[in-house]
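# What the coordinates show
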Amino acid sequence: FPLFSMFSPWLHQIALDRNVNVPDPSHTPGGSQIVIRLIPSELILARVSRNDLESCIKPLLQLALFPSPSTFFSYTEVDSDVSLILDLPSLELFPPDILTLSSQKWKAIEIYEGEAAIDETGIVRRFSEPLARAGIQIIYLSAYNSDLILVEEAATQAALACLQGDLKPSTTALSPLPKYSFVSADVFESLGGSSPDTGTSALLNSIPSELALACLSRTRLADISHQLLRLILFPVTEDRFFSLTSYGGEVSLILQRSELDGFGDHKLLLTNSNTWQALHVQPGPSGVTGTGVVTSASSVLAEKNISIFYVSTFNSDYILVPSSAAASAVQWLQRAKDSR
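Residues numbered from 1 in each chain as written. Predicted model: local features only at pLDDT ≥ 70, side-chain atom pairs only at ≥ 80, totals over all residues. Heavy atoms only, no water.

## Observations concerning helix α5 (residues 156–164)
- By the burial criterion, the buried members of α5 are T156, A159, L160, A161, C162 and L163.
- Buried residues along α5 sit against β1 (35–49), β5 (106–112), α4 (123–133) and β7 (146–152).
- Downstream of α5 by one or two residues, G165 has phi in the positive range, about 70°. (Buried < 20%, exposed > 50% of the residue type's maximum accessible area, 1.4 Å probe, protein only. Helix = DSSP H or I, 4+ residues; strand = E, 2+ residues; numbered from the N terminus. Contact = heavy atoms within 4.5 Å.)

## So, the nonpolar core
- The biggest cluster of nonpolar side chains holds 38 residues, and the ones touching the most others in it are F73, Y75, L84, F94, L228 and L253.
- With 6 residues, the single largest contributor to this core is helix α2 (residues 57–65).
- Among residues more than four places away in sequence, those in contact with L228 are L65, L221, L244, L253 and F263. (Core = buried A, V, L, I, M, F, W, Y, C linked by side-chain atoms within 4.5 Å.)

## Some points on the environment of L86
- Following the sequence through the fold, L86 ends up in strand β3 (residues 81–87).
- Placed 20 residues apart in sequence, L86 and W106 show a C-alpha to C-alpha distance of 9.8 Å.
- Ignoring any residue separated from it by four or fewer positions in sequence, one finds L86 in contact with E42, L43, I44, L63, F72, F73, L91, F94 and L99.

## Topic: the confidence of the model for the protein chain
- In this model, the protein chain carries a mean pLDDT of 79, and residues with pLDDT of at least 70 account for 75%.
- Averaged pLDDT values for the elements of the protein chain fall to 41 in helix α6 (residues 185–190) and rise to 96 in helix α3 (residues 88–91).
- Scored below 50 in pLDDT, residues 166–174 shows 4 contacts in the model against residues more than four places distant or in partner chains.
- The model gives residues 284–289 a pLDDT under 50, and that stretch makes 17 contacts with residues more than four places away or in other chains. (pLDDT = per-residue confidence, 0-100.)

## Some details on unusual backbone geometry
- Phi at D97 takes a positive value of approximately 65°, unusual for a residue other than glycine.
- With respect to the helices and strands, the residue D97 is situated in the loop between α3 and β4 (100–101).
- When its relative accessible area of 81% is taken as the criterion, D97 is described as exposed.
- One non-glycine residue, N305, lies in positive phi territory at about 60°.
- As for its placement among the helices and strands, N305 is situated in the loop between α8 (293–303) and β14 (309–312).
- N305 sits in the exposed class, given a relative accessible area of 58%.

## Observations regarding the packing of α4 against α8
- It is the contact of α4 with α8, at a shortest axis distance of 9 Å, that shows an interaxial angle of 145°. Crossing hand, α4 versus α8: left-handed. Residue-level inspection shows V124, R125, S128, E129 and A132 of α4 in contact with α8, the latter providing V294, T295, S298, S299, A302 and E303.
- Its residues assigned to classes, the contact of α4 with α8 shows 4 nonpolar, 4 polar and 3 charged. (Axes fitted to C-alpha atoms, helices over the stretch in contact; angles between N-to-C directions. Left-handed = near helix turned anticlockwise from the far one by under 90°. Nonpolar A, V, L, I, M, F, W, Y, C, P; charged D, E, K, R; others polar.)

## Description of the packing of aromatic side chains
- Within this structure, the stated rule accounts for 5 aromatic pairs.
- Judged by centre distance (5.3 Å) and plane angle (80°), the ring pair of F241 and Y318 falls under edge-to-face. Taken together, the residues span a long stretch of sequence, with F241 in strand β10 (residues 241–247) and Y318 in strand β15 (residues 317–322) at a distance of 77 residues. Here F241 and Y318 have matching classes, each one buried.
- Considering the side-chain rings of W276 and F309, the 6.3 Å spacing of their centres and the 55° angle between planes classify their relative orientation as tilted. (Phe/Tyr/Trp six-rings, centres within 6.5 Å; stacked < 30°, edge-to-face > 60°.)

## Concerning helix α7 (residues 225–233)
- In terms of burial, α7 is a largely internal element, 7 of the 9 residues being buried.
- Buried within α7 we find S225, Q227, L228, L229, L231, I232 and L233.

## Overview of the pattern of salt bridges
- Under the definition given, this model contains 7 salt bridges.
- Linking R37 and E110 is a salt bridge whose minimum nitrogen-to-oxygen distance equals 2.4 Å. Placement of the pair is R37 in strand β1 and E110 in strand β5, with a sequence separation of 73 residues.
- Between D81 and R47 there is a salt bridge, and its shortest N-O distance comes to 2.7 Å. Taken as a pair, D81 in strand β3 and R47 in strand β1 lie far apart in primary sequence, 34 residues in all.
- Its relative accessible area of 21% is what places D81 among the partly exposed residues.
- Connected through shared salt-bridge partners, R50, E77, R240 and E259 make up one network. (Salt bridge = Lys/Arg side-chain N within 4 Å of Asp/Glu carboxyl O.)

As structure tokens, this is what we get:
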């Protein structure tokens, strides 16, 4: 690709300046211990159209391929829409007025469980439910070895207390969780765009791509820089699901399973053995918010023993389920409201 040679000198200099071989952090727990820690960076949620990516190539490649030790960077592309989570110093790398920004600043809480937790059921429900009951709005981002929960800055300490189980018993009853109805888009359209019931509803679409979950150390980014460059700039298909989340010493990837072939024998990657499918949950006519919708969806699937990977973006949420369970996951989500 001509762009490889065009960016090669610049990328090489960035690699020298950033000292790519950053040692991994030592927070890896032994056994199955769960570790909760607050990531110190202030974060912003952003959105950019793929049509405008040309104006953002340099900062995107710098953050994806040559992050500094403190960089927090998440890039999720679905079809032609790109959602970013950036720390504030990274935001300054982008041209002015090219990104649509959230009005809030966020803090990320990392919950480290290790690779084995990917196939466990109930993980997302376990961590999102206490926050939903406390009325704390969240952005939920599953990574390969951890779960990342973003909360508004003002709610950081309350969220940590919820997750660590340190809240004092309340003298008042907790509000019940909202009941969401997950309605397929074709059913919604057949109803003329009206809500099918009196509860809060969200539209549910199934994305047919076969996806893979992978992970690598940041210390090996230079070894696969060309493969990642292809994934970001030269997608095999425009209507795809691709996500890269990089922080600490880890890079977590969600990509088309066929795209793994671009990594050769991909010995540098840890990969989950399942093939996954994404379910798209988008705000419905009743105005779904981030408070409770993660717990509502994850609870339904946990009860049916379906493991999930959860990705929130600027406008929507995505639930990844094993492809073998995708049809039943859609079915159970659509039936959930009637069973409560």
